[in-house]
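# Chains, contacts and geometry: an overview
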Amino acid sequence: MKKNDFLENIDYSQTSNLSIWGTGDKDTLELLDKIEIRGKWLNLAAGDGRYNLKLLEKADSVVASDIHKGALAKLCRTTPEQYKAKLHTKAFDLTKRFPFEDGTFDGVFCSGTLHFFPKEVLKGVLAEISRVLKPEGKVMIDFATDVKRVFPDGSIWVKRGEPGYKLEEAAKFLEESFRDYKIETRRSKVDEDDVKINSHTYKFSCNYILIVGEKK
Ligand SMILES: C[S@@+](CC[C@H](N)C(=O)[O-])C[C@H]1O[C@@H](n2cnc3c(N)ncnc32)[C@H](O)[C@@H]1O
């Protein structure tokens, strides 16, 4: 496995049309329904597209990105025909410079991913999000903390290199990181979600912080 990726060698072509990451968290789905989404949006680390349709329903166009080309292929395949014209994909590593000009997007959405990275890497990712956003552009992210993955035999899986953020520590870090944004924050949790990756099944639970921000 390459440094800073969590590909886990998933063969998305062998998975069902449903997202391997679940149906989507209630509060995240509700917030996506509620916030204004218009213009051009970037879905960063979109995976196989659990939330992408919510963006496509409202935005003029959506760039779904991920490091995993197989995930993006599945996302395209499972996108209803009527939305395909406004869907674009771009495979890239979000820990590097994003392959977009400054001020390209009206909004950036990222879920289920940023907690993988240590603070020094995250600072670079958040700076890139800010760079590709237009002035007054919007950001919506979720950030998982207190993550627990339990296998059926009760053993716990800690992913290699995952920082293991706690709620208060992450909240403070995110508040500082988004000081150039007007933000609204809420807290939520995933009680237990079944995740199946390749031949592994585990129960995933976490707390998470949801942030909607507007670049000042
Ligand atoms: C837990 S999944 C979440 C996917 C999706 N955002 C969702 O909520 O369903 C994490 C995603 O991050 C992607 N990813 C991991 N490391 C990455 C990196 N360095 N650059 C871009 N994407 C990455 C993975 O391929 C995977 O699709």
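Residues numbered from 1 in each chain as written. Predicted model: local features only at pLDDT ≥ 70, side-chain atom pairs only at ≥ 80, totals over all residues.

## Describing the overall build of the chain
Scanning the chain for helices and strands turns up 5 helices and 7 strands. Starting at the N terminus and ending at the C terminus, the chain contains elements arranged as α-β-α-β-α-β-β-α-β-α-β-β. For a compact globule of 216 residues, the expected C-alpha radius of gyration is about 17 Å, and the chain comes in at 16 Å, within 12% of that figure. Taken over the C-alpha atoms alone, the chain extends approximately 50 × 40 × 35 Å along its principal axes. Burial statistics for the chain: of 216 residues in total, 34% are counted as buried. Nonlocal contacts in the chain, meaning residues at least 24 apart in sequence, comprise 70% of its contacts between residues at least 6 apart. (Helix = DSSP H or I, 4+ residues; strand = E, 2+ residues; numbered from the N terminus. Rg over C-alpha atoms; globule rule 2.2 N^0.38 Å. Buried ≥ 20, exposed ≤ 12 C-beta atoms within 10 Å, placed from the backbone. Contact = placed C-beta atoms within 7 Å.)

## Notes on the nonpolar core
Of all hydrophobic cores here, the largest spans 48 residues; its most connected members are Trp41, Leu55, Val62, Val108, Phe109, Leu114 and Phe143. For this core, the element with the highest residue contribution is strand 5 (residues 133-150), accounting for 7 residues. Contact partners of Val62, with chain neighbours within four places excluded, come to Trp41, Asn43, Asn52, Leu55, Leu56, Lys86 and Leu87. (Core = buried A, V, L, I, M, F, W, Y, C linked by C-beta atoms within 7 Å.)

## Focus on the sheet that holds strand 3 (residues 87-91)
Strand order across the open sheet formed by 7 strands is 3-2-1-4-5-7-6, with mixed pairing between neighbours. Edge strands, defined here as strands with exactly one partner in the open sheet, are strand 3 and strand 6 (181-197). Strand-to-strand twist in this sheet, taken as the mean axis angle between neighbours without regard to direction, amounts to 20°. Here 11 bridges tie strand 5 to strand 7 (residues 200-215), and the two strands are oriented antiparallel to one another. Bridge pairing in strand 7 links Val139 to Gly213. Lying over the sheet, helix 1 (residues 26-34) contacts strand 5, strand 6 and strand 7, oriented at roughly 30° with respect to strand 7. Packing of helix 4 (residues 119-132) onto the sheet brings it into contact with strand 1 (40-44), strand 4 (105-110), strand 5 and strand 7, and relative to strand 5 it is tilted by some 150°. (Pairing = 2+ DSSP bridges. Axes fitted to C-alpha atoms, helices over the stretch in contact; angles between N-to-C directions.)

## Overview of the confidence of the model for the chain
Here the chain averages 93 in pLDDT, while 96% of its residues score no lower than 70. Low pLDDT, under 50, characterises residues 1-7; the predicted model gives this stretch 10 contacts beyond four residues in sequence or across chains. (pLDDT = per-residue confidence, 0-100.)

## Considerations on the site of the ligand
Of all residues adjacent to the ligand, which total 21 residues, the nearest are Ala45, Gly47, Arg50, Ile67 and Gly112. Considered class by class, the residues forming the shell around the ligand number 9 nonpolar, 8 polar and 4 charged. (Near = placed C-beta within 6 Å. Nonpolar A, V, L, I, M, F, W, Y, C, P; charged D, E, K, R; others polar.)

## Thoughts on the pairing of strand 1
Most of strand 1 sits inside the fold, with 4 of its 5 residues counted as buried. Relative to strand 2 (residues 61-66), strand 1 runs parallel, the two sharing 4 bridges. Bridge pairing in strand 2 links Asn43 to Ala64. Pairing analysis gives 4 bridges linking strand 1 to strand 4, with the strands arranged parallel. Each residue of the ladder has a partner; that of Leu44, found in strand 4, is Cys110.

## Observations regarding unusual backbone geometry
Most peptide bonds adopt trans geometry, and most residues besides glycine take a negative phi value. Despite not being glycine, Glu136 shows a phi value in the positive range, around 65°. Residue placement: Glu136 occurs in strand 5. For Glu136, a count of 10 C-beta atoms within 10 Å translates into the label exposed. The backbone phi angle of Asp146 is positive, close to 50°, even though this residue is not glycine.

## Thoughts on the pairing of strand 4
Among the 6 residues that make up strand 4, 6 are buried, leaving the element largely enclosed by the rest of the structure. Where strand 4 meets strand 5, 5 bridges bridge the pair, whose relative direction is parallel. Within strand 5, the position partnered with Phe105 by the bridge is Leu133. As for the winding sense of the linkage, the β-α-β connection from strand 4 through helix 4 to strand 5 is right-handed. (Right-handed = clockwise from strand over helix to strand, strands pointing away.)

## Regarding helix 3 (residues 69-78)
Ala71, Leu72, Lys74 and Leu75 are the residues of helix 3 that are buried. One face of helix 3 carries all of its buried residues, which in axial projection span an arc of 160°. Looking at helix 3, the residues exposed on the side facing more than 90 degrees away from the buried face are Lys69 and Arg77. (Arc of directions from axis to C-beta.)

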